[in-house]
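Commentary on secondary and tertiary structure
Here is what each chain is made of, one letter per residue.
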Amino acid sequence: MNKSKVGREKEEQACRYLEGQGVRIVERNFRCRQGEIDLIGYEREYLVFFEVKYRKDASMGSAAEAVNAPKRRKICGVPIITG
């Protein structure tokens, strides 16, 4: 199985999990000049950005480590237009 297929499956799994937790997903794989955000949803009244990371084993580091400070800054700078 190739990496992109595994990535799509893990994003779908994450989406189903989040919806089961009450998150209303409003966008998947949002792309703009600054990059891509895997999932965007509302958790109660908060707009939340979800970055989905899959690690086959611990040698790749944790998923949290993959969302470093530059990536967080980039996500915070993305304009979101809904409606």
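Bear in mind that the values here come from a model prediction, so they are computed numbers and not experimental data.

**Focus: the nonpolar core**
Judged by nonpolar contacts, Ala-14, Cys-15, Leu-18, Val-23, Ile-25, Leu-39, Val-48, Phe-50 and Val-52 together constitute the single largest core of nine residues. Elements with a minimum of two residues in this core: α1 (3-20) and β3 (46-50). The element contributing the most residues to this core is α1, with three residues.

**Focus: the sheet that holds strand β2 (residues 35-43)**
The sheet built from three strands is open, its strands ordered β1-β2-β3 with antiparallel pairing. Edge positions in the open sheet fall to β1 (24-32) and β3, since each of these has one partner strand only. Across the sheet, the axes of successive neighbouring strands diverge by a mean angle of 25°, strand direction being ignored. Each of β1, β2 and β3 touches α1; the most contacted strand, β1, lies at about 145° to it.

**Side note on the side chain of Glu-11**
For Glu-11, the location among the structural elements is in helix α1. Here Glu-11 is in contact with Arg-28, Asn-29, Asp-38, Leu-39 and Val-52, once residues within four sequence places are set aside.

**Considerations on the state of the cysteines**
Across all of its chains, the model carries zero disulfides by this definition. Cys-15 carries a free sulfur, and the closest cysteine sulfur to it, the one in Cys-32, is 19 Å from it.

**Observations concerning the side chain of Asp-38**
Among the structural elements, Asp-38 can be located in strand β2. With no salt bridge to any partner, buried Asp-38 finds its closest opposite charge in Lys-53, at an N-O distance of 5.9 Å. Among the polar contacts made by the side chain of Asp-38, one reaches the main-chain amide nitrogen of Val-52 at a distance of 2.7 Å. With residues up to four places along the chain from it excluded, the contact list for Asp-38 reads Glu-11, Glu-27, Arg-28, Asn-29, Phe-50, Glu-51 and Val-52.

**Examining α1**
With 18 residues, α1 should reach 26 Å at 1.5 Å per residue; the first-to-last C-alpha distance of 26 Å fits that figure. Turning to α1, its buried residues number three or more, namely Glu-11, Ala-14, Cys-15 and Leu-18. Along the axis of α1, the buried residues cluster in a sector spanning 105°; they form a single face. When the buried face of α1 is taken as reference, the exposed residues oriented beyond 90 degrees from it are Arg-16, Tyr-17 and Gly-20. If you follow the buried residues of α1, they end up packed against β1, β2 and β3.

**A short note on the environment of Glu-12**
Here Glu-12 lies in helix α1. Taking the C-alpha atoms as reference points, Glu-12 and Arg-28, 16 residues apart in sequence, are found 9.5 Å from one another.

Reading the values: rules and limits
- Residues numbered from 1 in each chain as written.
- Predicted model: local features only at pLDDT ≥ 70, side-chain atom pairs only at ≥ 80, totals over all residues.
- Heavy atoms only, no water.
- Core = buried A, V, L, I, M, F, W, Y, C linked by side-chain atoms within 4.5 Å.
- Buried < 20%, exposed > 50% of the residue type's maximum accessible area, 1.4 Å probe, protein only.
- Helix = DSSP H or I, 4+ residues; strand = E, 2+ residues; numbered from the N terminus.
- Pairing = 2+ DSSP bridges.
- Axes fitted to C-alpha atoms, helices over the stretch in contact; angles between N-to-C directions.
- Contact = heavy atoms within 4.5 Å.
- Disulfide = S-S within 2.5 Å.
- Lys, Arg positive; Asp, Glu negative; His and termini not counted.
- Salt bridge = Lys/Arg side-chain N within 4 Å of Asp/Glu carboxyl O.
- Polar contact = N/O pair within 3.5 Å; in protein donor to acceptor, adjacent residues only side chain to side chain.
- Expected span 1.5 Å × (residues − 1).
- Arc of directions from axis to C-beta.

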